[in-house]
Amino acid sequence: MSQCVDPIVGKILAGWRYDISGLAPEMRGDYEDHFRSCERCRTRQRLHRTIDISLIILASLSAGAFLLAFGMIRHFGPRHALWLELAALAGFALSALIWLAVAVATPAPTAMVDAAKIGARHVHDRLPAEIRDRLPEELRLKITGS
Ligand SMILES: [Zn+2]
């Protein structure tokens, strides 16, 4: 793997898990420059955001699975149903907690909003001009940023 072009900046970024989304725009410039010029930190940043988003998706799936289990126990009503229901609810609560912790502690939500924006822009650019013109001005502003 290639070396960091500026180990001091690289170390600071590593301490932030390569997340500069919380920084004020005027402070962000130097770090953005570093990401542009440093292959290693850019790769790390992408890796960390991938981990964050995977965690969110996993926690969502797990919460969904526990809810489904709860629903099935209610539906079929096996013996010891109460304990199984409690276990399913506890599992759901735990998944929700993990989901919340990831959402609060990592920039995953911002990363997902960014991804959604890029997707929306992509769709917007492919729309026929007459439909595009009918979009409300403020919506278009939000999607394209210009
Ligand atoms: Zn670097």
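For the structure, see preceding data.
In this report, we go over the structure that sits alongside the text. Just so it is clear, the model here is predicted, and its values are computed rather than measured.

**Some remarks on the overall build of the protein chain**
Next up, step 1: A tally of helices and strands in the protein chain yields 7 helices and 0 strands.
Next up, step 2: Starting at the N terminus, the α and β elements of the protein chain follow one another as α-α-α-α-α-α-α.
Next up, step 3: The C-alpha atoms of the protein chain give a radius of gyration of 22 Å, which is well past the 15 Å a tight globule of 146 residues would have.
Next up, step 4: Overall size of the protein chain, expressed as C-alpha extent along the three principal axes, is 60 × 50 × 30 Å.
Next up, step 5: Buried positions account for 10% of the 146 residues belonging to the protein chain.

**Description of helix H3 (residues 39-76)**
Next up, step 1: Compared with the 56 Å implied by 1.5 Å per residue over 38 residues, the 55 Å span of H3 between its first and last C-alpha is a close match.
Next up, step 2: Along H3, the residues that are buried comprise Cys-41, His-48, Arg-49, Asp-52, Ala-59, Phe-66 and Ile-73.
Next up, step 3: At its buried positions, H3 is contacted by helix H1 (7-15), helix H2 (25-37), helix H4 (81-105) and helix H5 (108-126).
Next up, step 4: Two residues or fewer past H3, Gly-77 is found with a positive phi of approximately 50°.

**A closer look at unusual backbone geometry**
Next up, step 1: For Arg-17, which is not glycine, the phi torsion reads 55° and is therefore positive.
Next up, step 2: Look at Arg-17 and you get partly exposed, because 16 C-beta atoms sit within 10 Å.
Next up, step 3: Phi at Tyr-18 is positive, roughly 60°, even though this residue is not glycine.
Next up, step 4: The residue Tyr-18 is located in the loop between H1 and H2 in this model.
Next up, step 5: With 20 C-beta atoms packed within 10 Å, Tyr-18 lands in the buried category.

What counts as what
- All residue numbers here refer to positions counted from 1 along the written sequence of the relevant chain.
- The model is predicted, so local features are restricted to residues of pLDDT at least 70 and side-chain atom pairs to those at 80 or more, both for listing and for counting; the totals for chains, interfaces and linings are taken over all residues.
- Think of it this way: any DSSP run of H or I at least four residues long counts as a helix, any run of E at least two long counts as a strand, and we number them from the N terminus.
- Radius of gyration: C-alpha atoms only; globule rule: 2.2 Å multiplied by the number of residues to the exponent 0.38.
- Comment: burial labels come from other C-beta atoms within 10 Å of the residue's own C-beta, placed from the backbone, where a count of 20 or more is buried, 12 or fewer is exposed, and between is partly exposed.
- To estimate the expected span of a helix, subtract one from its residue number and multiply by 1.5 Å.
- Contact between two residues is assigned whenever their backbone-derived C-beta positions fall within 7 Å.

Keep in mind these numbers describe shape, not what the thing actually does.
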